[in-house]
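# Summary of the model geometry
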Amino acid sequence: MTGFFRRFCAVLLVVALIIVLGAQSADAHSQIDSSDPANGEMLKTSPKSISLSFSEDVDVTPNSIRLFNDRGKQVNINDSASAANGEVRISVPTLEKGTYVVAWNVISADTHPVKGSFIFSVDSKLNNKFEIDNDFDKYFANSGDNQFLKIGFTISRFLIFTSLAVLVALMFFRIFILQGELTRKLNSLFLISALVCVASSVAAFAFYFSIAREVGLAGVFNIGAFPQEFSFRFGTVTLLRLGSLLGLSVVWKYWRRPSPIFGFVFSVLLVSSLVFAGHAVVGTHTYLALLSDFAHLYSASIWFGGLIIIPFVIKGKNGLQIVRKFSKVALCCVVVIAITGVFAWWRQIGSIDAAMTTWFGQLVIFKALCFVGTICVAFFTRNHLRA
């Protein structure tokens, strides 16, 4: 039975990993609604300013808007972009006759960096070169490393969730299932998970602001840039996560009578660092969305983290008893995940047609199918263990 259990644990973990990775990839970002000048507009005179309107509030950095002429030379703009109520505006000097490229890079309210570009001309027709070649990615400072940065950021976020889920589940197990009893393996698992969480949080911070600020990785850790970086939501939640992790580690190491309360509080703060960097902070029904997102992520952490913990305790003296206790908890977590997942689907997608025809909707459907598949495998495994 032990061999069978190990095989099915492996299947559960693989499918759960697919679900988590899908959740990290299915991002809906702020989108540009309009610009002034409009894309492809031919102006008779030089504009006094350039403005962009977005579907939600955005933050800007010193490099959020760049202007290039049709020779590929950057136009010096002696002004910084300002953002308010979803509109970004920057004053520009008097422009000569010709075609211009506006390369923009902003941070949406849900912390995701978004970028794009458009063209316009002053007192001339649009340069055919730009009409044919609409790929302006070369105008961004990190265009050559952009794919590397995106992959690094995606992997870092995945490791953050995985390690955080294990930490939250470990604290839950210690408080409610193990009742304070620990093994050396569980202590080692906590230490490894904590180190991975710290390393991946720092790495995600570096990749994120390298993309958002259009600077090299080394430039992210410029002391002079820290005030601005930590003023953005992503920087703030990174500090929240690292501070909560420190508190959780102290509670884990120096376990006393009030420790369960503090352990639960720091677990809540850890999960909150994910919630406040997600889609729940924007859109309709924000407060309800934040509560739903927290319940979704906290339940997913206990369920997913518990699947990783179970192999470490199954061989112990009370291994099967622990599995039975966790099975009841996991069932509750699955119900919460399903309910909050439906709410998130309704809020972010809103219709069957959007779910079937959009890339974001299709990823959510794929995640839901993996979720159902995992439940089926878990149900079969539970029945086998009972037999």
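Quick summary incoming for the structure in this document. As a convention, each chain's residues are numbered from 1 in the sequence order in which they are written. Where totals are concerned, whole chains, interfaces and linings use all residues; where local detail is concerned, this predicted model gives features only for residues with pLDDT of at least 70, and gives and counts side-chain atom pairs only at 80 or more. Values reported for side chains reflect all heavy atoms of the structure, with hydrogen atoms and water molecules removed beforehand.

Once that is clear, we can look at the environment of Gly-278. Structurally, Gly-278 can be placed in the loop between helix H8 (259–275) and helix H9 (286–313). Sequence spacing of Gly-278 and Leu-290 is 12 residues, and the spatial spacing of their C-alpha atoms is 9.1 Å. Secondary structure follows DSSP: runs of H or I at least 4 residues long count as helices, runs of E at least 2 residues long count as strands, and numbering of each begins at the N terminus.

We define a nonpolar core as any set of buried Ala, Val, Leu, Ile, Met, Phe, Trp, Tyr and Cys residues linked to one another through side-chain atoms lying within 4.5 Å. Partly exposed describes any residue whose relative accessible area lies between the buried limit of under 20% and the exposed limit of over 50%, with all areas from a 1.4 Å probe on protein chains only and scaled to the type maximum. Ranked by internal contacts, the top residues of the largest apolar core, which has 69 residues, are Leu-170, Phe-173 and Ile-309. Looking at this core, the elements with two or more residues in it are helix H3 (146–177), helix H4 (184–213), helix H7 (233–253), H8, H9 and helix H10 (319–348). When residues in this core are grouped by element, the largest group, 16 residues, is from H3. We call two residues in contact when some of their heavy atoms are within 4.5 Å. Residues contacting Ile-309, with those up to four places away along its chain left out, are Val-166, Ala-169, Leu-170, Phe-173, Leu-186 and Leu-189.

It is worth spelling out the packing of aromatic side chains at this point. Only Phe, Tyr and Trp rings are paired, with Trp represented by its six-membered ring, and only when their centres lie within 6.5 Å; those with planes under 30 degrees apart are stacked, over 60 edge-to-face, the remainder tilted. Counted by the stated rule, this structure contains 19 aromatic pairs. Ring centres of Phe-153 and Tyr-208 lie 5.8 Å apart, and the angle between their planes is 45°; on these two criteria the pair is classed as tilted. Residue Phe-153 is located in helix H3, and its partner Tyr-208 is located in helix H4; the two are separated by 55 residues in the primary sequence. Its relative accessible area of 11% is what places Phe-153 among the buried residues. Taking the centre distance of 4.0 Å and the plane angle of 10° together, the rings of Tyr-208 and Phe-234 count as stacked. With a gap of 26 residues between them, Tyr-208 in helix H4 and Phe-234 in helix H7 connect regions that are remote in the sequence. When its relative accessible area of 6% is taken as the criterion, Phe-234 is described as buried. An aromatic cluster is built from Phe-153, Phe-205, Tyr-208, Phe-209, Phe-221, Phe-226, Phe-230, Phe-232 and Phe-234, whose rings are joined through pairwise contacts.

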